[in-house]
Each structure stands twice: as C-alpha cells, then as structure tokens.
There are 2 protein chains.
Amino acid sequence: MFEAAALKSKLAREDYDQQVDDLRMRLLDAQQRLDTARVAVVLIVAGVDCAGKGDVIGMLNQWLDPRYMRTHAFGEPSDEERERPRHWRYWLSLPPRGRIGLYAMGWYGAPLADRIHGRIGPAKLDAELAHINRLEKMLADDGTLVLKCWLHLSQKQQRKTLERLEADPETAWKVGKLDRKHLKLYGEFIGIAEHTLRQTDTPEAPWLIINAYDPHYRRIALAQWLIDRISARLDAVDGAAGPSPKIQACPPDHRGRDILAALDLGQTLDKSTYQKRLAHWQGRLNRLSRQARQQKRSAILLFEGWDAAGKGGTIRRITQAMDARNYQVIPIAAPTDEEKARHYLWRFWRHLPRGGKVTLYDRSWYGRVLVERVEGFAEPAEWGRAYSEINDFEEELTDHGIILLKFWLHIDRDEQLRRFQARENTVYKRYKITEEDYRNRGKWADYVEAVNAMVTRTSTEYAPWRLVSAQNKYYGRLQVLEWVCEAYQRALD
Amino acid sequence: MFEAAALKSKLAREDYDQQVDDLRMRLLDAQQRLDTARVAVVLIVAGVDCAGKGDVIGMLNQWLDPRYMRTHAFGEPSDEERERPRHWRYWLSLPPRGRIGLYAMGWYGAPLADRIHGRIGPAKLDAELAHINRLEKMLADDGTLVLKCWLHLSQKQQRKTLERLEADPETAWKVGKLDRKHLKLYGEFIGIAEHTLRQTDTPEAPWLIINAYDPHYRRIALAQWLIDRISARLDAVDGAAGPSPKIQACPPDHRGRDILAALDLGQTLDKSTYQKRLAHWQGRLNRLSRQARQQKRSAILLFEGWDAAGKGGTIRRITQAMDARNYQVIPIAAPTDEEKARHYLWRFWRHLPRGGKVTLYDRSWYGRVLVERVEGFAEPAEWGRAYSEINDFEEELTDHGIILLKFWLHIDRDEQLRRFQARENTVYKRYKITEEDYRNRGKWADYVEAVNAMVTRTSTEYAPWRLVSAQNKYYGRLQVLEWVCEAYQRALD
C-alpha cells in the first residue's frame, strides 16, 4: 500500500513558491463554499513519526480561515472521558455543518499505539477498525466529507529526518524517546499501519498516502488534494436533488405480525396491591441503584410510547426510588441550533452519564424512526439506515458496561382518548394536552407500522426492547420497575 | 440567624394532603410562566446533614415538569474541572433562560466543607463568599432569579432524625460516617454556616431558612416560597419596561485624555530586520510554550483592535510558533441560541483551556463594552456593569494561574482605509471586506470613546491592557510576540 508513496515526491523551492498563493486562495474559496453549502469536513492527518504532521497541520491553520475550523489532538483520556465509551470524546468534537474539524491522528492514534505497544491483539485491533469504519460511514451518510491523509516515510527517510531534527538545537526537542524507539520498531509499525489503512480504506472515506520526506511536496500535495476533494464533493451537492450524498433505497419494511397487537392489555391491578408492591420494588431499586453508584456502573433508561401512555408517571416512580443528585431526566424536544448542525445522534452522546450516574431519556434517538419517519421529517434513506446506526450506538454503550434499558409503553387507541379527556379535567395536567396530540392520534396506523419495524430491527441481544402493557397504569409501572430491578441485579452480580 | 427557624414548623398530615394538589398546580403554572417570560431560576437547596435536602429535591423533581429543569450536585472535581478555575463547573451548569437549575448545596458545598475540615481558614472562606456574592449578583443583574434555601435542624433535632433514620433498615444507609462526625461538630458547623449565610444574604439573593424537622412542613414551606418568589419576579417583569430587573444609572464615562492618541504610531521596521527578529522571537516563544505545556500552565491571549488592524496576521505569527495540537483560536462571531440563552460570559467560560493548552480569542468578552455598546445591542446598564464583571472574571482566570494577555491593536483611520482598499485588491483576502466594515468606520469617534473607557476601567494589575502600535504591521507583530514571550518568561520563572 505504501509503494506508490515513493513516486514523484519532490518539489523545488521555486515551484513551491509559485504555487502557494494560488493554492491559498483556492483553499479559502473552498472553505467558504463549504460554509455556504453547510457541509462539514472531518480531516484526519495521520502518519509515521517525524513525517511532518505538525507542519501540515500548522500550515492548514495558517492557510485556512481559523474561524471555520478547529484542530483536535487527543492524548491520554481524562477521567470524565474514561467514564464514557471510547468514542465519546470524538463525537463531542465533531464539527458542525459548514466547518472543518482537523484531527491529528484522529481516532486512529489510540488503536495504533495500543497495538504497537502490545496492549491489544490483532483481533481487538480489527474490531476497533470495524468500529471506526461504521463511525466514518455514519458521518459520510450524514453528509460529512471524511478525508484521511497518511504522511509516509521509508525507514531510511525516517532515520534521516530524525538525524536532521536532532542536529538542529531548534528542533531537537521534537525527537522524543518514543521516536527513537519507533525507529527501531519501524518494520513492525509499518506492518500494523498498512493493515490499518487497508482495513479502513473505504469508499466513504479513502486514504490518501503522501510521501512526506520533502516538506514542499507534502504541503502542496496535501493542499491540492484537499481542494480537489472539497470541490468534487460540493459539485456533487450542487448537482444533486437533495442534501444526501447518495440516496439509498428504503429497506423493505416489517410487514408481518403486529407485535404490539400480541401484547395482552387486559392486565389489571387494584390500587392497594399496587401500593404495596410499589413500595417493595422501589425499596429494592433504591438499594440496587446505590450499589450501582458505588460500583460506578452507569445506566440509561429510555422511554418511548404513545402519547398519554404514562411515560412521565413511570419515570417519576423510578426516580422516586433514586437520589435526585444521581440521575438526569432528558426530555427530547426540538433540537437547538448547535444540535441541528450535527449528526442526529450527537445530542444524545452529549448527555451520556458519568460513571455511577443515570440518564433517563423521555423519548430518545428512536424519534428518528418514529416521529421523523411518520411525519416525513427524515428522508426514507435517512431513517432507513438509522436502525443499524442505532444498533451500533447501543452496542458501544453496552460494551462500555452501561446498563441500557428500552421501554415501549403500550395502550390502545380508546384508552388514549380516555386519558386525553381525563387530563383536560385535571387542572395541573391540562397543559400537557395540545391540538398536536389529537393530530398525532390520526396517524395511529402509521405509528403502529413504525413501532413494529423499530422493535423488529433494534431488539438486540445487548439491548432488547421491553414492551410494556400500560393500559392499566399500575400494572405498567410495576412491570417497568421490576424489569429495571432485574437488569440492575443481573449487571451487579 | 437560625432563631426564627424554630417557629411554627409543624404541619399535620391532613393539612399537608389538603394543600398538595393546589401547590403542584401552582408550581407547574409558575414554571410555565418562567418559560414564557424567559426567566432562568437558580435554586439552591442547602442545609445541615439529614435535614431532607434529598427529600425536597426529589419532591421538586416530581412536582415540577422535569423537561424544564435540571438537578446538579457537585462531588469531588474531575481532572478536567481541576484544570480550570473553581467556578468553571458552576458556570457550565447554569440554566438557560426559561429553565430551572436545582442545586444541591450549589457553590456553597465546597467552601463549607473546606472550612469545617480545616482545609481553609476564615479569611479564605470570606474571600470565597465574596466571590460567590459577585457571581450571584452577576446572575441576578442578568435577569436570573437566584433563590437560596437553607434547611435547618437544631442539634437535638438532628440527633433525633439521625436515630430515626438509623433505626429503619430502609434508610439506615443515609447515615454515613460523616453524618455522625458532623453531629459531633454541630456547634462548630452551625457557627460556620451562620457566618456563611450572613455573608451571602444579599438583596439580589437572600436566604430562606426553614426548620426542616417536620417533612410535611418543610415541603409545603419550600413550595409556597418558591411560588411566591417566582410570582413576585414575574409580576415585576410584566410591569417593567424592559427585561432588566432594575435599571442602573449608566456610570460616568471616561472623558479625559485620549489614551489611544498618545500611542506613537510612527514606529517603522524594514522587512529584513523584521524577518530576522521574527525568527528569533518565534523560536523563543516555541521554547517557552513547550515549557508551559510541560508545567501544565495554560494561557489565554485575546485580541481586540480596529477592523484591519492585523489581528488575524498577528495571531498567525504567534500560532506559527506553537504546536497546533495545543492551541485553539476562538473567533467571536454571532452567538448560538444556546449561548444567547445565557449570561454573555458563558460562551467564554465554555472555551477555557485545559492545563497546558492555549486559547486565542479573536475578539472577546470585550465585545460587550465595544460593539454592543456602540451599536446599542446592550443597554447602558448592561455594558455599564460589564467592566467590573469582566474584571472579576479575569481575576478568576489569573488566580487560577492562567497566563492572560490582552492586546488592543491600534492603527489610525487613514491606515484603515488603505488596508481595506489593499484587501479588495488581494484575491484571497477580498472576502474579508464587507459593507459593514465601511459602516463601522463611520463610528470611529464612538469607538475611540469606548476603547478609552475599556482600557481605563479594565486595565488591572493582574490583567493590564497592552496597546499595540500596529500602524506598521511588522512592528506591531513583533511587539506582541515580545510581550507574549515576556509574560511566559515571568510566569515560568
């Protein structure tokens, strides 16, 4: 893979000087076009040690307008980062539409270093690379231009560069112990790097490999490539009908048995039994959640369900049993402009709990395949690919040890109407009922279809859906409490 | 101060039951009115151990709509928090307009604990309390309703509560070793608490003290007080002309000598001398900034100045000398809606650098007393109080050990026109010139007045303004580089 990097890799000083002004102008122009077209760029500059990553990153910081870009380098994770899934810090750093995120090594730094120093084996590396491919595909599908560039040096070139840097007192500091060690490990490192590049050289995010020995050549080559890729992307946008880089066929929908209809809504429970059991389960949950807090196990509980199915009431019965200082209820309403400018999952990544804390989502990322699908806020291609994006996301959460529980609260249409009317008669609940609620009711069948597809496609081994028979509020609440306790118990054993 | 808390502090169960429904309805109503009026509430629930802080916080989480509130409890600071000024985490947590932030102990927890355990002396406690008073005043001036409630128990009541909690296996966990220890320290703790409350009982943010022994009484008393305070605040808003809770007289302006006119703009420097010196100072800055990185000293460099005074070019000469992975250039443009919904300083707190990192602000919080003042985007009362708010903010930064440098880049009006015209003739700079630039030029005299006031009022011992003679670009850039190196040198010695 690195063979091609050896070719035509020199540029004379005068040729460089001649090209710089034109390239700078075109880079600035490309950057402005990105802003206008609201296209985000993730630009990863990786490569071997001493290949000049810092130099080209510095160059880009000078040649581009710093107002529309941000440079990121990730060192040792902080304790807040360690308490979240590995990719959390990358997600939070993603550029909004129209901006450039410039990444030194990006998400490749950690797995490469872990592998070369033997902290992970080849299988773990491949799993991480597959994970990265999914992240990059998700970003590309969302309209982000993902650009990856590898600055290459042969072993001889690396040694010569190192010696040159060491000889100059102004640059000797750049050569750390690690570089010397890496020089010895060159063969091994380059094998792992090549494997990494091959595994992650995807149609959505291909690698450019540059021979970086000649500083003039690498700068011009990188700038030129950046301009070309941005132009190609923007020309495609101008020509296309919609904002999606490619329209995928909507995957065939679930047309089988109605999973919701199979749920027994006839369960009943009288008030005094309810109150006794409620006290029992809340007591249990209280103990379990304290244990989880001590063990720094965090949890995410998410609630979906029909309007008036009792999400709020159920959440309150759970939070009653917990210390209010340890949980957060995140209600999902209209996104802010900072959220709208990013991938739809970004706003959920923002609120992931620290170790030992609990986040309860009142509605969730499933809005993508529920309301956004039914109301047409998302294109079929967008909600169509959301199922697997969500599965990946939830796998990251559970892989990190987060206790993840998903509830669909089910009632039938008549019960919903009764509750709407009852709410209108309760003074402090009246504000909960709006015309929109009645409008949504009219789309019951579309929602049934969407819920069936959602449950079928996103009930995974690691994060199964729990369908709650909530026709009887008491029964539904206890069912959820029981399931939450059970999940905690299993996780803590 | 706690004597009054002993009076009429009991409520029978049936009286409680009778009042709850009405209170809940009125709380929800108050919350909706807050949202409509876009008034933020900071509600701090503090008190002695075992007084039921968790209980009333849990109650508020049930009675209010969780969609419009967030509960915060601060434990040991994380490493990211430790790398910023103490109040950083409080600032980031502040509720947007229309929402409620509910704080368990709020910013009082840390200084109280530090004092009771002897980690700080009385003088340090008083300094921290004065700091808190300034924070609360700043929030109140910005339209936030700051409510503080102290749940009190006499020593006898605390002992009885502790025993009751310990006797019940369901609640015994609530009694930690710390509580037992605090019981012994009651006299001492109550002395410190009373002092704290007295020092921070301000017109902007007075304390309510509740005897919390009877759970029914404390709940009703707190809910009632909350409703009353919110209503009073909103009635005041409805009656007032503007959004400010009170209009202050605009402080008298600087009318003395024109500080800018005193600056010698006749300095010149030829290109070859410039290039030699530039290399020298950049080399020096490179070494110093690496040292600072190793010592985890962070820095903030902020640049203000006339349009076309060379802020961008100067920033680039500085960043050229630094590792792009360690600095961030934050250009200050229009705020996002999340930023607009908070105090104007919030967006700057967001970007404070971690230990060893550098943030360069291209324009800054001084926009409040420059463009916002001149263009009338801020009321006289708003920009009038901003000088001391900014001084407080900068003191927090420098107290934390951050190297803070503020530059005003000065040119005269003719030079500005020449540069505008030159930009229009440079292809890749043309985008920098808009009609607005010419419009701003027309307000030169107003800006001179504003800059003079700014420099006079915010040049402090810990953060003096550096006025840069930038008529000659070379001279100005070197001057800034020299000052930056000097400041680094001083900080690192």
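Further up the page is the structure itself.
Below or above, wherever it landed, is the structure these notes cover. (Residues numbered from 1 in each chain as written. Chains lettered and ligands numbered in written order. Predicted model: local features only at pLDDT ≥ 70, side-chain atom pairs only at ≥ 80, totals over all residues. Heavy atoms only, no water.)

**Examining the packing of helix 6 (residues 122-141) of chain B against helix 16 (residues 380-399) of chain B**
All names here are of chain B.
Piece 1. Orientation of helix 6 relative to helix 16, taken along the N-to-C sense of each, is 140 degrees, at an axis distance of 11 Å. Of the possible angle classes, the one that applies to helix 6 and helix 16 is oblique. The interaxial crossing formed by helix 6 with helix 16 has left-handed handedness. Along the contact surface, helix 6 presents His131, Arg134, Met138 and Asp141, while helix 16 presents Arg385, Glu389, Asp392 and Glu396.
Piece 2. The residue inventory of the contact of helix 6 with helix 16, partitioned by class, reads 1 nonpolar, 1 polar and 6 charged. (Axes fitted to C-alpha atoms, helices over the stretch in contact; angles between N-to-C directions. Helix = DSSP H or I, 4+ residues; strand = E, 2+ residues; numbered from the N terminus. Parallel < 35°, antiparallel > 145°, perpendicular 65-115°, else oblique. Left-handed = near helix turned anticlockwise from the far one by under 90°. Contact = heavy atoms within 4.5 Å. Nonpolar A, V, L, I, M, F, W, Y, C, P; charged D, E, K, R; others polar.)

**Remarks on the nonpolar core**
Piece 1. Among the nonpolar cores identified, the biggest contains 296 residues, and Trp365 of chain A together with Trp365 of chain B are the most heavily contacted of them.
Piece 2. Setting aside residues up to four positions removed in sequence, Trp365 of chain A forms contacts with Ile300, Leu302, Tyr344, Leu345, Phe348, Ile390, Phe393, Glu394, Leu397 and Leu404 of chain A. (Core = buried A, V, L, I, M, F, W, Y, C linked by side-chain atoms within 4.5 Å. Buried < 20%, exposed > 50% of the residue type's maximum accessible area, 1.4 Å probe, protein only.)

**Regarding the sheet that holds strand 1 (residues 41-47) of chain A**
Residue and element names in this part refer to chain A.
Piece 1. The strand order across the open sheet formed by 5 strands is 2-3-1-4-5, and the pairing between neighbours is parallel. In this open sheet, the two strands that pair with only one neighbour each are strand 2 (69-73) and strand 5 (207-211). For this sheet, the mean angle separating the axes of adjacent strands, direction not counted, is 20 degrees.
Piece 2. Here strand 4 (residues 145-152) runs beside strand 5; their pairing, made up of 5 bridges, is parallel. Opposite His152, over in strand 5, you have Asn211 as the bridge partner. (Pairing = 2+ DSSP bridges.)

**Focus: the packing of helix 16 (residues 380-399) of chain A against helix 19 (residues 444-458) of chain A**
Residues and elements named next belong to chain A.
Piece 1. Viewed as axis vectors pointing N to C, helix 16 and helix 19 meet at an angle of 45 degrees, and their least axial separation amounts to 10 Å. Judged by the angle between their axes, helix 16 and helix 19 are oblique. Handedness of the crossing formed by helix 16 with helix 19: right-handed. Of the residues in helix 19, those in contact with Tyr387, Ile390, Asn391 and Glu394 of helix 16 are Ala453, Met454, Arg457 and Thr458.

**With respect to the interface of chain B and chain A**
How big an interface is tends to be expressed through the accessible area that disappears when the partners come together.
Piece 1. At the junction of the two partners, chain B supplies 49 residues and chain A supplies 49 residues.
Piece 2. A buried area of about 4500 Å², summed over both sides, lies between chain B and chain A, and 54% of it is on carbon and sulfur atoms.
Piece 3. At the junction of chain B with chain A, the criterion picks out 2 salt bridges.
Piece 4. With a shortest N-O distance of 2.9 Å, Glu338 of chain A and Arg350 of chain B are connected by a salt bridge.
Piece 5. Joining chain B to chain A, the criterion identifies 10 residue pairs in polar contact (both at pLDDT 80 or more).
Piece 6. Looking at the side of chain B that touches chain A, the elements that each hand over two or more residues are helix 1 (13-37), helix 2 (53-63), strand 2 (69-73), helix 3 (79-82), helix 11 (271-294), strand 7 (327-331) and helix 13 (337-340) of chain B.
Piece 7. If one sorts the elements of the side of chain B that touches chain A by residue count, helix 2 of chain B sits on top with 6 residues. (Buried area = accessible area lost by both parts, 1.4 Å probe. Salt bridge = Lys/Arg side-chain N within 4 Å of Asp/Glu carboxyl O. Polar contact = N/O pair within 3.5 Å; in protein donor to acceptor, adjacent residues only side chain to side chain.)

**Focus: the sheet that holds strand 9 (residues 403-410) of chain A**
Residues and elements named next belong to chain A.
Piece 1. The strand order across the open sheet built from 5 strands is 7-8-6-9-10, with neighbouring strands paired in parallel fashion. The open sheet has two edge strands, strand 7 (327-331) and strand 10 (465-469), and neither has a second partner. For this sheet, the mean angle separating the axes of adjacent strands, direction not counted, is 20 degrees.
Piece 2. Summarising the sheet, strand 9 and strand 10 pair through 5 bridges and their orientation is parallel. In the strand pairing of strand 10, Leu409 is matched with Val468.
Piece 3. Running over the sheet, helix 19 touches strand 9 and strand 10 and is turned about 140 degrees from strand 10.

**Thoughts on a positive patch on the surface**
All names here are of chain A.
Piece 1. On the surface, Lys10, Lys156, Lys160 and Arg164 cluster together into a positively charged patch.
Piece 2. By the element assignment, Lys160 lies in helix 7 (residues 155-167).
Piece 3. Judged by relative accessible area, which is 42%, Lys160 ranks as partly exposed. (Patch = residues over 30% accessible without salt bridge, like charges linked within 9 Å, V, L, I, M, F, W, Y side chains within 5 Å. Areas by Shrake-Rupley, 256 points an atom, 1.4 Å probe, with all protein chains shown as cover. Lys, Arg positive; Asp, Glu negative; His and termini not counted. Charge placed at Lys NZ, Arg CZ, Asp CG, Glu CD.)

**Some remarks on the relation of the copies chain B and chain A**
Piece 1. Least-squares fitting of chain B to chain A yields an RMSD of 0.0 Å, with the transformation described by 0.0 Å of translation along the axis and a rotation of 180 degrees. Taken together, the rotation and translation relating the two chain copies correspond to the operation of a two-fold axis.
Piece 2. Both copies present the same face, since 100% of the interface residues in chain B are matched by interface residues at the equivalent positions in chain A. (Least-squares fit on C-alpha atoms with pLDDT ≥ 70 in both.)

**Some thoughts on the packing of aromatic side chains**
Piece 1. Overall, the coordinates contain 48 aromatic pairs over all chains when judged by the stated rule.
Piece 2. With a centroid separation of 5.0 Å and an interplanar angle of 65 degrees, the aromatic rings of Tyr108 of chain A and Trp207 of chain A are classed as edge-to-face. In this pair, Tyr108 of chain A is assigned in the loop between strand 3 (100-104) and helix 5 (109-116) and Trp207 of chain A in strand 5, connecting sequence segments 99 residues apart.
Piece 3. Note on Trp207 of chain A: relative accessible area 11%, which makes it buried.
Piece 4. These aromatic residues form a ring-pair network of at least three members: Trp91, Phe348, Trp349, Tyr361, Trp365, Tyr366, Phe393 and Trp465 of chain A.
Piece 5. The lysine or arginine in question, Arg373 of chain A, covers the ring of Trp383 of chain A, its NZ or CZ lying 4.2 Å from the ring centre.
Piece 6. The ring of Trp346 of chain B is capped by Arg342 of chain B, whose NZ or CZ atom sits 4.2 Å from the centre of that ring. (Phe/Tyr/Trp six-rings, centres within 6.5 Å; stacked < 30°, edge-to-face > 60°. Lys NZ or Arg CZ within 6 Å of the ring centre and 35° of its normal.)

**Some thoughts on the pairing of strand 6 (residues 299-305) of chain B**
Residue and element names in this part refer to chain B.
Piece 1. For strand 6, the tally of buried residues reaches 7 of 7 residues, placing the bulk of the element in the interior.
Piece 2. Residue alternation in strand 6 divides its side chains into two sets, Ala299, Leu301, Phe303 and Gly305 and Ile300, Leu302 and Glu304, and both sets are buried.
Piece 3. Relative to strand 8 (residues 358-362), strand 6 runs parallel, the two being bridged by 5 bridges. In the strand pairing of strand 8, Leu302 is matched with Tyr361.
Piece 4. Bridge analysis of strand 6 against strand 9 (residues 403-410) gives 7 bridges, and the strand direction is parallel. Among the inter-strand pairings, Leu301 is bridged to a residue of strand 9, identified as Leu405.

**Observations regarding the side chain of Asp362 of chain A**
All names here are of chain A.
Piece 1. As for its placement among the helices and strands, Asp362 is situated in strand 8 (residues 358-362).
Piece 2. Buried and without a salt bridge, Asp362 has Lys311 as its closest oppositely charged side chain, separated by 5.0 Å.
Piece 3. Here Asp362 is in contact with Phe303, Lys311, Ile315, Ile330, Pro331 and Ile332, once residues within four sequence places are set aside.

**Comments concerning the environment of Gln19 of chain A**
All names here are of chain A.
Piece 1. Mapping Gln19 onto the fold places it in helix 1 (residues 13-37).
Piece 2. Once the C-alpha coordinates of Gln19 and Val371 are considered, the two residues, 352 residues apart in sequence, prove to be 52 Å apart.
Piece 3. Aside from chain neighbours lying at most four places away, what touches Gln19 is Leu11 and Ile220.

**Quick notes on the environment of Tyr90 of chain B**
All names here are of chain B.
Piece 1. Secondary-structure assignment places Tyr90 in helix 4 (residues 88-93).
Piece 2. Relative accessible area serves as the criterion here: at 5%, Tyr90 is assigned to the buried category.
Piece 3. Residues Tyr90 and Trp107 lie 17 residues apart in sequence; the distance between their C-alpha atoms is 7.1 Å.
Piece 4. Not counting the four nearest positions on each side in its chain, Tyr90 is found in contact with Phe74, Tyr103, Gly106, Trp107 and Ala110.

**Some details on the pattern of salt bridges**
Piece 1. Across all of its chains, the model carries 58 salt bridges over all chains by this definition.
Piece 2. The residue Asp323 of chain A makes a salt bridge to Arg325 of chain A at a minimum N-O spacing of 3.0 Å.
Piece 3. Asp323 of chain A gets classed as partly exposed once you look at its relative accessible area, which sits at 26%.
Piece 4. Overall, the relative accessible area of 27% leaves Arg325 of chain A in the partly exposed class.
Piece 5. Residue Glu415 of chain B is joined to Arg418 of chain B by a salt bridge in which the shortest nitrogen-to-oxygen separation is 2.8 Å.

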